[in-house]
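# Structural description and commentary
Next come the chains, spelled out residue by residue.
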Amino acid sequence: MPSRNILVINCGSSSIKFALVNEEQPDFILSGLAERLASPEAVLHWQHNGEKDSLLLQGGDHRTALQHLLPLVQNATGGQLHGIGHRVVHGGEHFTAACRIDTVSLLAIRATSPLAPLHNPANLQGIEAALKLFPELPQVAVFDTAFHQSLPEHAYRYAVPEQLYREHGVRRYGFHGTSHRYVSQRAAEMAGVPYAASSWLSAHLGNGCSTCAIVDGQSRDTSMGLTPLEGLVMGTRSGDVDPNLHGHLARTLGWSLEQIDAMLNKDSGLLGLSGLSNDMRSLEQAREQGHAGATLAIEVFCYRLAKSLAAMSCALPQLDGLIFTGGIGENSPLIRSKTVEHLKLFNLTLDAQANARCIRGVAGAIGAEGHPRVLVVPTNEERQIALDTLALLTA
Ligand code: ADP
């Protein structure tokens, strides 16, 4: 049987990220981004065989972008496309794994939209456009939350009145599940331990950041909650704050809920602390030049990350390793070493040379000899979505 190709689609409100994954090739055959959709500046960028190209879509929407993608996919696969995998942010309590898209699952995805009002409707827009353009192809939804549905109740419940959980779904869901699952599987392969009998702490550090405790291939706790705002300091998100902050700002400054939401989601995190940037690379450069805000932002980021990892350890029977992934986790020796410095009680220490070597896609062990395992594992959510899609094609 020839190897199969899966198109992976990640739809935002005004963008589509895509990757064409072949089950036997490590690199994407075709990948790219359509952005500023439904605006006069709408544009499609793609990369194929090392060549980059782009096309103005002039007001084109999600459907237009996919229409233009179609011939590129046909050209890149010789007409051999076997399925489409869609990233869907929220699967609520309904989805504990990926699922084939049909009328029943579409209804269930729509029903979870109140839990992710910014993301799920955008994901659905992409699914609906793809169903119209590729009606004959099997399509699969892969949820950011599904991996965390194995959290025990004591980890996913908030200490608020039960009715809010039972009637309104107020609980911790967690996100980045596809990434935590992918990197923990890879970590087990790299360490030569069976995934089904292993325990990991994982730190996904991109623009959004979260930690996860993975035991025997299952998520047992994670730092994000009802929404992706909970937990770590992120690019522009605050992470944990005193839950009374909303009331305090409303009372003392007269701020509306919308203002407080926007401040916590868009103006906080690394950006808010540094007063400079949400981008870790820029902050590291500024720190080297003595910028006080950038220095503080990095200190708070690493301390809070270490604190979260220590908290996650409550879910582990033993530690097979700590995993760093995401743009920051994969590329920043500084953040990795500063974080590990706060975890002395775990006997964690890095090998400075190995730590410096693991950047720009290089995976490897960075823990010092005789100390617990620390791994840098580049994430690949698109490949994981393609693998989940393939698994459901043959199921
Ligand atoms: P997203 O969550 O949008 O997928 P990424 O996983 O690409 O984001 O991570 C983006 C973050 O990774 C940014 O803060 C960026 O500055 C950081 N990053 C990328 N390369 C480096 C680097 N060499 N050193 C430090 N941080 C880096």
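As named in an unreviewed UniProt entry, the protein is Acetate kinase, taken from Aquipseudomonas alcaligenes. Per UniProt, the protein carries the Subunit (unreviewed entry) text "Homodimer."

## Examining the UniProt feature "binding site: substrate" (unreviewed entry) in the protein
In this structure's numbering, the residues bearing the UniProt feature "binding site: substrate" (unreviewed entry) are Arg87. As for its placement among the helices and strands, arginine 87 is situated in strand β6 (residues 83–88). The contacts of arginine 87, once residues within four sequence positions are left out, are Ile9, Asn10, Asn123, Val142, Asp144 and Ile385.

## Regarding the domain arrangement of the protein
One can read the domain layout of the protein as domain 1 (3–142) and domain 2 (191–379). Using only C-alpha atoms to locate each centre, domain 1 and domain 2 end up separated by 29 Å.

## As for the pattern of salt bridges
Summed over the entire model, instances satisfying the criterion amount to 13 salt bridges. The partner of arginine 172 in a salt bridge is aspartate 221, with the nearest N and O atoms 3.2 Å apart. Within this pair, whereas arginine 172 is found in the loop between α5 (162–168) and α6 (177–191), its partner aspartate 221 is found in strand β11 (residues 218–222), the two being separated by 49 residues in sequence. A residue is classified by how much of its surface remains accessible, and arginine 172, at 7% relative accessible area, is buried. The partner of glutamate 189 in a salt bridge is arginine 186, and the shortest N-O contact between them spans 2.9 Å. Residue glutamate 189 and its partner arginine 186 are located together in helix α6, separated by three residues, close to a single helical turn.

## Things to note about helix α3 (residues 120–133)
Compared with the 20 Å implied by 1.5 Å per residue over 14 residues, the 20 Å span of α3 between its first and last C-alpha is a close match. Of the residues making up α3, those classed as buried are Asn120, Ala122, Asn123, Leu124, Gly126, Ile127, Ala129, Ala130 and Leu133. Those residues of α3 that are buried are in contact with β1 (5–11), α1 (62–77), β6, α2 (103–111) and β8 (139–143).

## What to know about the site of the ligand
Inspection of the region around the ligand gives 13 residues, with Asn207, Asp279, Met280, Arg281 and Gly327 positioned closest. Contacts to the ligand include aspartate 279, whose side-chain N or O atom sits 2.7 Å from an oxygen atom. At a separation of 3.3 Å, an oxygen atom of the ligand approaches a polar backbone atom of isoleucine 328. Starting from 580 Å² of accessible surface for the ligand in isolation, the protein chains cover 69%. At the level of elements, α10 (280–288) and α12 (326–331) are the ones that each hand at least two residues to the shell around the ligand. Looking at the shell around the ligand, the element that brings in the most residues is α12, giving four residues.

## What about the sheet that holds strand β4 (residues 43–48)?
Taking strand neighbours across the sheet as the criterion, the eight strands line up as β5-β4-β3-β2-β1-β6-β8-β7 in an open arrangement whose pairing is mixed. Two strands bound the open sheet, and with one partner strand each, they are β5 (51–56) and β7 (99–100). For β4 and β5, the ladder comprises six bridges, and the chain directions are antiparallel. Bridged to leucine 44 within β5 is leucine 55.

## Thoughts on the environment of glycine 92
Summarising the element assignment, glycine 92 is placed in the loop between β6 and β7. For the pair formed by glycine 92 and leucine 115, sequence separation is 23 residues and the distance between their alpha carbons is 7.4 Å. Leave out the neighbours within four places in its chain, and glycine 92 touches Thr112, Leu115, Thr145, Gln149 and Tyr173.

## Details of unusual backbone geometry
Located in the positive-phi region is aspartate 216, a residue other than glycine, with phi close to 50 degrees. Tracing the sequence through the fold places aspartate 216 in the loop between β10 (209–215) and β11. Assessed through its relative accessible area of 39%, aspartate 216 is described here as partly exposed. At arginine 360, a residue that is not glycine, the phi angle is positive and equals roughly 45 degrees.

## Some points on the pairing of β6
Every other side chain in a regular strand lies on the same face of the sheet, so the side chains alternate between the two faces. Counted residue by residue, β6 has five buried out of six residues, so it is predominantly covered. By the bridge criterion, five bridges tie β6 to β8 in an arrangement that is parallel. Considered in β8, the bridge of isoleucine 84 is made with glutamine 139.

## Some points on the sheet that holds strand β14 (residues 374–376)
Strand order in the open sheet formed by six strands is β11-β10-β9-β12-β14-β13, and the pairing between neighbours is mixed. Each having just a single partner strand, β11 and β13 (364–365) make up the two edges of the open sheet. The sheet contact formed by β10 and β11 spans four bridges and is antiparallel. Considered in β11, the bridge of cysteine 212 is made with threonine 222.

## Considerations on the packing of helix α7 (residues 245–253) against helix α8 (residues 257–266)
Axis separation between α7 and α8 bottoms out at 10 Å; the angle between their running directions is 125 degrees. Overall, the two elements α7 and α8 adopt an arrangement that is oblique. Of the two possible hands of crossing, α7 and α8 adopt the one that is right-handed. Between α7, through Leu245, His246, Leu249 and Ala250, and α8, the contact on the second element is made entirely by Leu257, Ile260, Asp261, Met263 and Leu264. Of the residues assigned to the contact of α7 with α8, the class counts are seven nonpolar, one polar and one charged.

Definitions and cut-offs
- Residues numbered from 1 in each chain as written.
- Predicted model: local features only at pLDDT ≥ 70, side-chain atom pairs only at ≥ 80, totals over all residues.
- Heavy atoms only, no water.
- UniProt positions renumbered as here; feature names shortened; annotations may be inferred.
- Helix = DSSP H or I, 4+ residues; strand = E, 2+ residues; numbered from the N terminus.
- Contact = heavy atoms within 4.5 Å.
- Domains from an automatic or database assignment.
- Salt bridge = Lys/Arg side-chain N within 4 Å of Asp/Glu carboxyl O.
- Buried < 20%, exposed > 50% of the residue type's maximum accessible area, 1.4 Å probe, protein only.
- Expected span 1.5 Å × (residues − 1).
- Near = heavy atom within 4 Å.
- Polar contact = N/O pair within 3.5 Å; in protein donor to acceptor, adjacent residues only side chain to side chain.
- Areas by Shrake-Rupley, 256 points an atom, 1.4 Å probe, with all protein chains shown as cover.
- Pairing = 2+ DSSP bridges.
- Axes fitted to C-alpha atoms, helices over the stretch in contact; angles between N-to-C directions.
- Parallel < 35°, antiparallel > 145°, perpendicular 65-115°, else oblique.
- Left-handed = near helix turned anticlockwise from the far one by under 90°.
- Nonpolar A, V, L, I, M, F, W, Y, C, P; charged D, E, K, R; others polar.

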